[in-house]
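Summary of the model geometry
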Amino acid sequence: MAKLYKTPGVYIEEIPKFPPSIAPVETAIPAFIGYTETATDKVADDLLFKPTRITSLLDYETLFGFPQQERAITVTIQSTIDAAGNLIDLKSVANLEEADRSKHIMYYALQLYFANGGGPCYIVAVDKYKSLGQDLVQSELEDGLKTLEKVDEPTLLVFPEAQMLNANDFGALQDAALKQCEKLQDRFVIMDVHGDTESLANPKADLAQAIENFRNINIGIGTDHLKYGAAYAPNLETILDFAVDESVTDVLRSIDGGAAQSIGMLDTLKAADSAVYERAKTAIRDYPCKMPPSGAIAGIYAAVDS
């Protein structure tokens, strides 16, 4: 329809050649749901089940604390001595059985997230750390998921510790997340593969069998709402440093392949023999911290979005 002018004369009309500018906004904002050391802002535990936006690992540490300290790492210092009594080889080897490891890996997942380009994200703390060896509770994690229904900004759902659940609980949790995505249609689930009887924590795991187990309907993922999620494997051997309780971290010594004998706990060696202490600490730092990939993947999503 032609424009009508109210007075006679000459008019210049500018026709814009470019579309209206669009303000850039972040669309890859993950929400990490799991267990934390603390969940305190102003009063104790006031952040439990409260989706909280953070922008850095420092923010996380201030509000949610640090990793649970491992209590089952051992370090063996292996010495080889020649016939003349001279030391010809010295190695330090750390070990942590997967079954004895803490199930609480949220902190490490956040390290992977920020190291791989992650930016603003949400933390939903469902409880403080349970005792080492105690099972995680699927219903607590699902309750954390429910708190996000009324929060608009998160677009990615991540459960770093879900792989620590049994297969049925894992499936039920991820199925609930997919259903929320289908309901709201503004978010997506980043899943780690749960291999059921084929644990991906085992570096020798049969990956093809683990994925087949994951796809099995008995785990619970099924075939519904799958366009709202993606699963990633295998687990990663990272260079992250384990947090350890030095008062119960035993240091052993073995000479020429003989039986290893304890020479003391790490904290006592710090004062008694600093050289052995530093050697043991180096061995612990060199021990790979195996992690499900979801934290790193979330960081890559955010980096690509940026």
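All of the points below concern the structure found in this document.

Calculation rules
- Residues numbered from 1 in each chain as written.
- Predicted model: local features only at pLDDT ≥ 70, side-chain atom pairs only at ≥ 80, totals over all residues.
- Heavy atoms only, no water.
- Helix = DSSP H or I, 4+ residues; strand = E, 2+ residues; numbered from the N terminus.
- Rg over C-alpha atoms; globule rule 2.2 N^0.38 Å.
- Buried < 20%, exposed > 50% of the residue type's maximum accessible area, 1.4 Å probe, protein only.
- Contact = heavy atoms within 4.5 Å.
- Areas by Shrake-Rupley, 256 points an atom, 1.4 Å probe, with all protein chains shown as cover.
- Lys, Arg positive; Asp, Glu negative; His and termini not counted.
- Charge placed at Lys NZ, Arg CZ, Asp CG, Glu CD.
- Axes fitted to C-alpha atoms, helices over the stretch in contact; angles between N-to-C directions.
- Parallel < 35°, antiparallel > 145°, perpendicular 65-115°, else oblique.
- Left-handed = near helix turned anticlockwise from the far one by under 90°.
- Nonpolar A, V, L, I, M, F, W, Y, C, P; charged D, E, K, R; others polar.
- Salt bridge = Lys/Arg side-chain N within 4 Å of Asp/Glu carboxyl O.
- Phe/Tyr/Trp six-rings, centres within 6.5 Å; stacked < 30°, edge-to-face > 60°.
- Pairing = 2+ DSSP bridges.
- 1 Å grid on protein atoms, 1.4 Å probe; cavity = no way out; pocket = protein on both sides within 12 Å on 5 of 7 lines; lining within 4 Å.
- Points joined across faces, edges and corners; volume = space filled by probe spheres on them.
- Core = buried A, V, L, I, M, F, W, Y, C linked by side-chain atoms within 4.5 Å.

1. What to know about the overall build of the chain
Within the chain, the secondary structure is distributed over 8 helices and 12 strands. Scaling as 2.2 N^0.38, a compact globule of 306 residues should have a C-alpha radius of gyration of about 19 Å, whereas the chain reaches 26 Å, well beyond that. Taken along the three principal axes of its C-alpha coordinates, the chain extends 115 × 50 × 45 Å. Burial analysis of the chain (306 residues in total) assigns 44% to the buried set. Within the chain, residue pairs in contact and separated by at least 24 positions form 73% of the contacts whose partners lie at least 6 positions apart. Here the chain displays about 16300 Å² of accessible surface, and carbon together with sulfur accounts for 53% of that area. For the chain, the centre of its 26 positive side-chain charges and the centre of its 45 negative side-chain charges are spaced 6 Å apart.

2. Quick notes on the packing of helix H1 (residues 57–64) against helix H2 (residues 106–115)
Across the interface, H1 lies against H2 with an axial gap of 10 Å and an inter-helix angle of 160°. Here H1 is positioned roughly antiparallel relative to H2, judged by the angle of their axes. The way H1 lies across H2 gives a crossing that is right-handed. Contacts between H1 and H2 pair Leu57, Tyr60 and Glu61 from the former with Met106, Tyr107, Leu110, Gln111 and Phe114 from the latter. Residue composition of the contact of H1 with H2, by class: 6 nonpolar, 1 polar and 1 charged.

3. Examining the pattern of salt bridges
The tally for this structure, following the rule as stated, stands at 12 salt bridges. Across the salt bridge formed by arginine 53 and glutamate 153, the nearest N and O atoms sit 3.0 Å from each other. Of this pair, arginine 53 sits in strand E2 (residues 52–54) while glutamate 153 sits in the loop between helix H3 (138–146) and strand E6 (156–158), and the two are 100 residues apart along the sequence. Using a relative accessible area of 37% as the deciding quantity, one classes arginine 53 as partly exposed.

4. Some words on the packing of aromatic side chains
For any pair of aromatic rings, geometry is given as the distance between the ring centres together with the angle between the planes. According to the stated counting rule, one finds 10 aromatic pairs in the structure shown. Between tyrosine 232 and tyrosine 301, the aromatic rings sit 6.5 Å apart at their centres with planes inclined by 75°, giving edge-to-face as the arrangement. Taken together, the positions of tyrosine 232 in strand E8 (residues 229–232) and tyrosine 301 in helix H8 (residues 294–305) put the pair 69 residues apart, joining distant regions of the chain. Assessed through its relative accessible area of 22%, tyrosine 301 is described here as partly exposed.

5. Some points on the sheet that holds strand E7 (residues 188–192)
Strand order in the open sheet formed by 6 strands is E2-E5-E1-E6-E7-E8, with mixed pairing between adjacent strands. Each edge of the sheet is formed by a strand with only one pairing partner; in this case those strands are E2 and E8. Recorded for the sheet is a direction-independent mean angle of 30° between the axes of neighbouring strands. Two elements, E6 and E7, share 3 bridges in a ladder whose sense is parallel. Paired with leucine 157 across the strands is valine 189, a residue of E7. Relative to the sheet, H1 contacts strand E1 (30–36), E2 and strand E5 (121–128), its axis offset from that of E2 by approximately 140°. Together, E6, E7 and E8 form the strand contacts of helix H4 (residues 167–184), whose direction differs from that of E7 by roughly 160°.

6. What about the side chain of lysine 290?
On the secondary structure map, lysine 290 appears in strand E12 (residues 289–291). At 4.5 Å, glutamate 98 is the nearest oppositely charged side chain to lysine 290, a buried residue that forms no salt bridge. With near-sequence residues (within four places) excluded, lysine 290 lies in contact with Glu98, Arg101, Ala201, Pro203, Leu236 and Glu237.

7. Things to note about empty space enclosed by the protein
It is a probe the size of a water molecule, rolled over the atoms, that shows where empty space is left. The tally for this structure, following the rule as stated, stands at 1 cavity of 30 Å³ or more. As for the largest cavity, its lining consists of Leu96, Glu97, Glu98, Arg101, Phe242, Tyr287, Pro288 and Lys290.

8. Remarks on the nonpolar core
Grouped together as the largest cluster of nonpolar side chains are 47 residues, with contacts concentrated most on Phe32, Ile54, Phe64, Tyr108, Leu110 and Ile123. No other element matches the 8 residues that H2 contributes to this core. One finds Leu145, Leu148, Leu165 and Phe214 within the second-largest nonpolar core, a separate group that totals 31 residues.

9. Describing unusual backbone geometry
Residues alanine 233 and proline 234 are joined by a peptide bond in cis, for which omega reads 0°. The topology assignment puts proline 234 in the loop between E8 and strand E9 (236–238). At glutamine 185, a residue that is not glycine, the phi angle is positive and equals roughly 60°. Assignment of secondary structure puts glutamine 185 in the loop between H4 and E7. Residue classification places glutamine 185 among the exposed positions, given a relative accessible area of 54%. A positive phi angle is found at aspartate 196, which is not glycine, with a value near 60°. With respect to the helices, strands and loops of the structure, aspartate 196 is situated in the loop between E7 and helix H5 (207–215).

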